[in-house]
Amino acid sequence: MKQRIITALILAPLVMAGIFFLPIQVFFIILVAVTLVGFWEWTQFVKAQSRIIALLPSVIALGASMIWLPFDAVNLALITEPHQYMLTIGVIWWLIASLLAMSYPVSAKLWQESRVLRHLFGWLSLIPFFWSIVLLRAQVGIDDQYYGAKLVLLVCLLVWSADSGAYFAGKSLGKRKMAPSVSPNKTVEGLIGGIVTAMIIGWGAVALFDIHFDSIATMIGIFMVTVIISVLGDLVESMFKRSSNIKDSGTIIPGHGGILDRIDSLIAAFPIFALLYFW
């Protein structure tokens, strides 16, 4: 726990500085690198003889998405139809993935023996995540060049506060297991605690950052859906790790495991938040 806290205290300011102060082109390149590391860790779930060969289809898929989706500043700010399709694909996938996680291990019979589906699940998890962050970061408000960065940080704060709230509520009050076959420690009480914590932190962040929503009801609805799906995103990665007999997706982050271990909730939250916010 000590190592986790120290690492988090070092990484959090670096992440926030990168979100706000990196030029969009550099931010894009770093996000590509993070996504590729995520794909590298995902090769463990594919169960291929060569992880390098297993990585190639994902690299091609990410590259193909960059050919399909325009990523110049004007088109990113406008949110074109192809961008909306990408976000919609991500949302549909996370709804399906959540059902797979909640019904595991019965659902594993549908995909466990298919290497093609395991590849596809990785693409559906990481490519919409990549584009949703890019689209949010590219937004510019009236007289506010940091508006997009504030949107990205808002989603991070929602997920981080939900994780913390769920942990403490679950430890003190947790009784009803959410998905014991996937993650025995996650409880319904923890989920409720995470939602309440995220609502408070998110509301404060919206006021501080001057982020605009159509109404308070819209904001609360987007926050709630985002947090619930983020928790289920954590369960989805746990499902794939359990199916592959893996404890951590990697060792790149001391005390936290791999990139996927650190962003498992974020990769589900960002497409959901982006689609709902832009709509």
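Here is a short report on the structure shown in this document. Every chain is numbered independently, its residues counted from 1 as its sequence is written. Reporting in this predicted model follows two pLDDT cut-offs: at least 70 for local features of residues, and 80 or more for side-chain atom pairs to be given and counted; totals over whole chains, interfaces and linings ignore these cut-offs and use all residues. Derived side-chain values reflect all non-hydrogen atoms in the structure, with water molecules and hydrogen atoms excluded from consideration.

Turning to the overall build of the chain, a few remarks are in order. Counting secondary structure elements, the chain contains 10 helices and 2 strands. Per the convention used, a helix needs a DSSP run of H or I reaching at least four residues, while a strand needs a run of E reaching at least two, with both numbered from the N terminus. Mapped in sequence order, the helices and strands of the chain form the string α-α-α-α-α-α-α-β-β-α-α-α. For 279 residues, the compact-globule formula gives about 19 Å, and the C-alpha radius of gyration of the chain, at 18 Å, lands near that figure. Residue burial is assigned from relative accessible area. The probe radius is 1.4 Å, only protein chains are included, and a residue is buried under 20% of its type maximum, exposed over 50%, and partly exposed in between. Taken over 279 residues, the chain has a buried fraction of 51%. Of the contacts formed within the chain by residues at least 6 apart in sequence, a portion of 73% connects residues at least 24 apart. In the chain, the 18 positive side-chain charges and the 15 negative ones have mean positions that sit 14 Å from each other. Computation of the radius of gyration draws on C-alpha atoms, with the globule rule given as 2.2 Å multiplied by the number of residues to the power 0.38. Only heavy atoms enter the contact rule, under which two residues are in contact if any of them lie within 4.5 Å. His is not counted, nor are the chain ends; Lys and Arg add positive charge and Asp and Glu add negative charge. Note on charges: their place is set at NZ of Lys, CZ of Arg, CG of Asp or CD of Glu.

This part takes up the side chain of S265. Assignment of secondary structure puts S265 in helix α10 (residues 259-278). Judged by relative accessible area, S265 falls into the buried class, the value being 2%. Within the structure, the side chain of S265 is placed 3.3 Å from the backbone oxygen of S230, a separation counted as a polar contact. Apart from the residues within four sequence positions on either side, S265 is in contact with V159, D163, S230 and D234. By the criterion applied in these results, polar contacts are pairs of N or O atoms within 3.5 Å in which, for protein atoms, one can donate a hydrogen and the other can accept it, and in which residues neighboring in sequence qualify only through two side-chain atoms.

Right, let's get into the pattern of salt bridges. Salt bridge criterion: a side-chain nitrogen from Lys or Arg within 4 Å of a carboxyl oxygen from Asp or Glu. Counted by the stated rule, this structure contains 4 salt bridges. Here K150 ties to D144 by a salt bridge, and the two come within 2.9 Å at their closest N and O atoms. No difference in accessibility class separates K150 from D144, as the two residues are buried. The salt bridge involving E189 is made with R176; its shortest N-O contact spans 2.5 Å. Here E189 is found in helix α8 (residues 188-209), whereas its partner R176 is found in the loop between α7 (147-173) and β1 (177-179), with 13 residues between them in sequence.

Next up on the list: the nonpolar core. In terms of nonpolar packing, the biggest core is built from 87 residues, with F213 and F273 touching the most fellow members. Of the residues forming this core, the biggest block, 13 residues, is contributed by α10. F213 has contacts with L154, V206, M219, I222, F223, F273 and Y277, leaving out every residue within four places of it along the chain. To form a nonpolar core, buried Ala, Val, Leu, Ile, Met, Phe, Trp, Tyr and Cys residues must be joined to one another through side-chain atoms within 4.5 Å.

Take helix α5 (residues 81-102) next. Given a rise of 1.5 Å per residue, 22 residues ought to cover 32 Å, and the 32 Å separating the end C-alpha atoms of α5 matches this to within 8%. For α5, the complete set of buried residues consists of H83, M86, L87, G90, V91, W93, W94, A97, S98, L100 and A101. Check the buried side of α5 and you find it contacts α3 (51-68), α4 (73-78), α6 (115-137), β1, α9 (216-243) and α10. Between the first and last residue of a helix there are one fewer steps than residues, each counted as 1.5 Å, and that sum is the expected span.

On to the packing of helix α2 (residues 24-46) against α6, then. Look at α2 against α6: their axes get within 10 Å of each other, and the N-to-C directions meet at 160 degrees. On the basis of the axis angle, α2 is roughly antiparallel to α6. Crossing geometry of α2 relative to α6 is assigned as right-handed. Just so you know the grouping, Ala, Val, Leu, Ile, Met, Phe, Trp, Tyr, Cys and Pro go in nonpolar, Asp, Glu, Lys and Arg go in charged, and all remaining residues, Gly too, go in polar. When the residues that make up the contact of α2 with α6 are grouped by side-chain class, the tally is 16 nonpolar, 5 polar and 3 charged. Axis definition: a line fitted to C-alpha atoms, limited for helices to the stretch in contact. Angles are taken between N-to-C directions and run from 0 to 180 degrees. Throughout this description, any angle smaller than 35 degrees is read as roughly parallel, any larger than 145 degrees as roughly antiparallel, any in the 65 to 115 degree range as roughly perpendicular, and the remainder as oblique. Two helices cross in a left-handed way if the nearer one is turned anticlockwise from the farther one by less than a right angle. They cross in a right-handed way if the turn is clockwise.

Read these as geometric descriptors, not functional statements.
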